[in-house]
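Listed below are the residues making up each chain.
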Amino acid sequence: MYDEHVKAKLKTAFAIYEQKDTPGYVYKREVPTIIRASGLNPREQLMGDIMKEVHSKDIEAEVISFDNIKKILVLALKERTSEVIRDSKETIMRAFMTFDKQGLGYINAEEFKGILESTGDQFSEE
């Protein structure tokens, strides 16, 4: 199920960067952005390994196909899941509950904005 969700997000992210003059391809330099836009956050070492694999495909070309990116990413997910998906659902929920002091199941937007701003992040009214 998770693999299908990632593949769908990957396809959506890929479409944003897809080259108009070469449909079905993106510039290799866009691959890290596409992977992160798919909701994955691989460690630097793994991203480096993924990019080596990307560059080994059709060495002369500056572009790579969706199918090749998908194959590389699926293999990385299967072999090195802990380097791509860093936190379990339970860990994320515990972190969320730190901010949900009343146990309401949600965080007030203004309160959350204040928390983030206290760490140095600035937000516009948008």
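As a starting point, this report considers the structure included with it. (Residues numbered from 1 in each chain as written. Predicted model: local features only at pLDDT ≥ 70, side-chain atom pairs only at ≥ 80, totals over all residues. Heavy atoms only, no water.)

**Some thoughts on the overall build of the protein**
Selection criterion: The helix and strand labels rest on DSSP assignments: H or I over at least four residues marks a helix, E over at least two residues marks a strand, and numbering proceeds from the N terminus. A 1.4 Å probe and the Shrake-Rupley method give the accessible areas. Residues count as covered only by the protein chains that appear here.
Along the backbone of the protein there are seven helices and two strands. For the protein, the exposed surface amounts to about 8,800 Å²; the carbon and sulfur share of it is 54%.

**Looking at the pattern of salt bridges**
Under the convention used in this document: For this analysis, a salt bridge means a side-chain nitrogen from Lys or Arg found within 4 Å of a carboxyl oxygen belonging to Asp or Glu. Working definition: with a 1.4 Å probe on protein chains only, accessible area under 20% of the residue-type maximum means buried, over 50% means exposed, and in between means partly exposed.
Applying the stated criterion across every chain, the model contains two salt bridges. Salt-bridge contacts for arginine 29 lead to glutamate 30; the nearest nitrogen and oxygen are separated by 4.0 Å. Residue class for arginine 29 comes out exposed when judged on its relative accessible area of 57%. Close ionic contact of glutamate 44 with arginine 36 constitutes a salt bridge, the shortest N to O distance being 3.5 Å. Judged by its relative accessible area of 61%, glutamate 44 falls in the exposed class. Given the relative accessible area of 36%, arginine 36 is considered partly exposed.

**Thoughts on the packing of aromatic side chains**
Put simply, the rule is: The aromatic pairing rule takes the rings of Phe, Tyr and Trp, using the six-membered ring of Trp, and pairs them if the centres are within 6.5 Å, calling planes under 30 degrees apart stacked, those over 60 edge-to-face and the rest tilted. Remark: a charge is flagged as sitting over a ring if the NZ atom of Lys or the CZ atom of Arg is within 6 Å of the ring centre and within 35 degrees of the ring normal.
Under the definition given, this model contains one aromatic pair. The interplanar angle of 75° and the centroid separation of 5.1 Å between the aromatic rings of phenylalanine 14 and phenylalanine 66 together place this pair among those described as edge-to-face. Placement of the pair is phenylalanine 14 in helix H1 (residues 2-17) and phenylalanine 66 in helix H4 (residues 66-79), with a sequence separation of 52 residues. Under the relative-accessibility criterion, phenylalanine 14 is labelled buried at 4%. In this arrangement the basic side chain of lysine 11 is found over the ring face of phenylalanine 66, its NZ or CZ atom lying 4.8 Å from the centre. The aromatic ring of tyrosine 27 is capped on one face by arginine 29, whose charged end is 4.3 Å from the ring centroid.

**Re the environment of isoleucine 64**
Convention followed: Should any heavy atoms of two residues lie within 4.5 Å, those residues are counted as being in contact.
Within the element layout of this structure, isoleucine 64 appears in strand E2 (residues 63-65). For the pair isoleucine 64 and tyrosine 27, spaced 37 residues apart in sequence, the C-alpha separation works out to 6.3 Å. If near-sequence neighbours (up to four positions away) are discounted, isoleucine 64 is found in contact with Phe14, Gly24, Tyr25, Val26, Lys28, Val31, Val54, Lys57, Ile69 and Ile72.

**Considering the nonpolar core**
What counts here: Here, the term nonpolar core denotes a set of buried Ala, Val, Leu, Ile, Met, Phe, Trp, Tyr and Cys residues that are joined through side-chain atoms within 4.5 Å.
With 21 residues, the main nonpolar core has Val31, Ile35, Ile50, Val54, Ile64 and Ile69 as its most contacted residues. It is H4 that provides the largest number of residues to this core, a total of six residues. When near neighbours in sequence (up to four residues on either side) are disregarded, isoleucine 69 contacts Leu10, Phe14, Val26, Val31 and Ile64.

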